[in-house]
Amino acid sequence: MKYSPEALEAFLEAAALGSFSAAARKLGKTQSTVSTAIANLEIDLGVTLFDRKARYPTLTEAGQKILSYVQEIQAASRRLEELTIRLADNIEPRLTMVLSDTYQLNPDHRLMHEFSTRYPDVELECLDAEGGDVIGLVQRGRAHLGLLVSLPSYPSDIAARRLNEKVEMTLYAGRKHPLSQLHEVTQADLAKERQIYLNTYVGMKNRPKGRVWSASDYLMVLEMAEEGFGWAELPKSLVKQYGRGRLKELKVNGWPRRIFTDVVWSKNTAPGAAGFWFLDQLLADGGKEKRAG
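Keep in mind that what you see is a predicted model, and the values were worked out from it rather than measured. Numbering of residues begins from 1 in every chain and follows the order in which that chain's sequence is written. For this predicted model, a pLDDT threshold of at least 70 governs which residues receive local features, and a threshold of 80 or more governs which side-chain atom pairs are given and counted, while totals over whole chains, interfaces and linings are taken from all residues. Excluded from the side-chain calculations are hydrogens and water; all other atoms, namely the structure's heavy atoms, are used.

Below, the discussion takes up the pattern of salt bridges. Just to be clear on terms, a salt bridge is a Lys or Arg side-chain nitrogen sitting within 4 Å of an Asp or Glu carboxyl oxygen. Tallied over the full model, the rule gives twelve salt bridges. A salt bridge links lysine 26 to glutamate 13; the nearest nitrogen and oxygen atoms lie 3.4 Å apart. Here glutamate 13 lies in helix 1 (residues 5–17) and lysine 26 lies in helix 2 (residues 20–27), a separation of 13 residues in the sequence. Residue class for lysine 26 comes out partly exposed when judged on its relative accessible area of 35%. The salt bridge partner of arginine 162 is aspartate 262, with a shortest N-O separation of 3.6 Å. In this pair, arginine 162 is assigned in strand 6 (residues 158–174) and aspartate 262 in strand 11 (residues 257–266), connecting sequence segments 100 residues apart. Remark: exposure states derive from per-residue accessible area (1.4 Å probe, protein chains only) relative to the maximum for the residue type, with buried under 20%, exposed over 50%, and partly exposed in between. Using a relative accessible area of 25% as the deciding quantity, one classes arginine 162 as partly exposed. Overlapping salt bridges bring together Glu13, Lys26 and Asp157 as one network. Strands are runs of DSSP state E lasting at least two residues, helices are runs of H or I lasting at least four, and both sets are numbered from the N terminus onward.

Written as structure tokens, this is what we have:
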């Protein structure tokens, strides 16, 4: 292939971020290096990829058409790299996974037992985080795999596959809470009371308004709800396992809701053989790859 991987990567990041300087920061390179790589790619292809007349570069019509082909090339390259890791059996000394409280990693711990038998010398580290915090840990290389509630899109350097199993979410309040005394609860009833919601460290775009408290993980949200500080949206499986009978499920129109869970990993720093084994087991019953946003 006459097009360098670095040039293709610079093109993809500049297209995704809408800025050569932002792409350079993302890739850890100078802006001139990124600009030169894209200019050389344009020479090799014989077309102009970006319109540079405005303050920020925008894709030309040709650039927009080429973008999808470059994405396919990068995706194929990533799949080849992942396959070679599996075939070479390059086993990492430690596998770090970051797990959402919404996902129960086999109630009988079957997968953990199989991992222990297959990779007895690999240190398995499990972290707890939600949403954007999971993505951040994977992007920084702090974790190899992440499990989280499905997001509509992901950063360009994150690979994601959807798990078949859905998580059931519903609304709860402490048994002595005013809402728990109602046979049916309306949105107006909810609006009168304090909501306890999940709030990740990286922040949320759509924060609840009104009287609210928040916590960075579901277990803390659960404990606050148990103490009667407000109502909360929680995974049913988590309440069943840790609720101690102190919460009451609220009967609200439209609830419970079932949501998907995704497994994510970094395209830039792929897991080793042990990580891909774990990934394959999670997807054993079929998973659908999601495009990055």
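We now examine the nonpolar core. By size, the foremost hydrophobic cluster in this structure holds 25 residues, and its most contacted members are Leu171, Leu190, Trp231, Leu234, Leu247, Leu250 and Val252. Secondary-structure elements contributing two or more residues to this core are strand 6, strand 7 (195–198), helix 8 (218–226), strand 9 (231–235) and helix 9 (236–242). In this description, contact between two residues means that some pair of their heavy atoms is separated by no more than 4.5 Å. Not counting chain neighbours up to four residues away, the residues in contact with valine 252 comprise Leu171, Val185, Gln187 and Leu190. Within this scheme, the nonpolar core is defined by two criteria: the residues are buried Ala, Val, Leu, Ile, Met, Phe, Trp, Tyr or Cys, and they are joined through side-chain atoms within 4.5 Å. Formed by 22 residues, the second largest nonpolar core is a distinct cluster that contains Val122, Leu163, Val263 and Leu279.

So, on to the pairing of strand 5 (residues 145–149). With four of its five residues buried, strand 5 lies for the most part within the structure. The pairing criterion for strands is at least two bridges between them, as found by DSSP. Sheet analysis places strand 5 next to strand 11, joined by four bridges and oriented antiparallel. For leucine 147, the partnering residue across the bridge sits in strand 11 and is valine 263.

Along the polypeptide, leucine 219 turns up in helix 8. Note on leucine 219: relative accessible area 29%, which makes it partly exposed. Residues leucine 219 and leucine 238, 19 residues apart in the sequence, show an inter-C-alpha distance of 8.0 Å.

Here the focus is the confidence of the model for the chain. Known as pLDDT, the predictor's per-residue confidence is scaled from 0 to 100. Considering every residue of the chain, the mean pLDDT works out to 88; 93% of them sit at 70 or more. For the chain, per-element mean pLDDT is lowest for strand 12 (residues 288–290), which scores 47, and highest for strand 10 (residues 247–249), which scores 97. Under a pLDDT of 50 for its full length, residues 286–293 has, in the predicted model, 27 contacts with residues more than four places off or in other chains.

Summarising the element assignment, glutamate 226 is placed in helix 8. Not counting residues up to four positions away in its chain, the partners in contact with glutamate 226 are Gly174, Tyr242, Gly243, Arg244, Arg246 and Leu247.

Our focus in this paragraph is the environment of arginine 78. Along the chain, arginine 78 turns up in helix 4 (residues 61–88). Expressed as a C-alpha distance, the spacing of arginine 78 and lysine 267, which sit 189 residues apart in the sequence, is 6.9 Å.

The relation between two aromatic rings is expressed through the spacing of the ring centres and the mutual angle of the planes. Any pair of Phe, Tyr and Trp rings, taking the six-membered ring for Trp, is counted once the centres come within 6.5 Å. Such a pair is stacked with planes under 30 degrees apart, edge-to-face with planes over 60 apart, and tilted for the rest. Summed over all chains, the structure comprises eight aromatic pairs. Ring geometry for phenylalanine 115 and phenylalanine 278: centres 5.5 Å apart, planes at 45°, overall tilted. Here phenylalanine 115 is found in helix 5 (residues 110–118), whereas its partner phenylalanine 278 is found in helix 10 (residues 273–282), with 163 residues between them in sequence. Across this residue pair, the class does not change: phenylalanine 115 and phenylalanine 278 are buried. Between tryptophan 277 and phenylalanine 278 the ring centres are 6.0 Å apart and the planes differ by 85°, which places this aromatic pair in the edge-to-face class. Across the pair, phenylalanine 278 and tryptophan 277 agree in class, each one buried.

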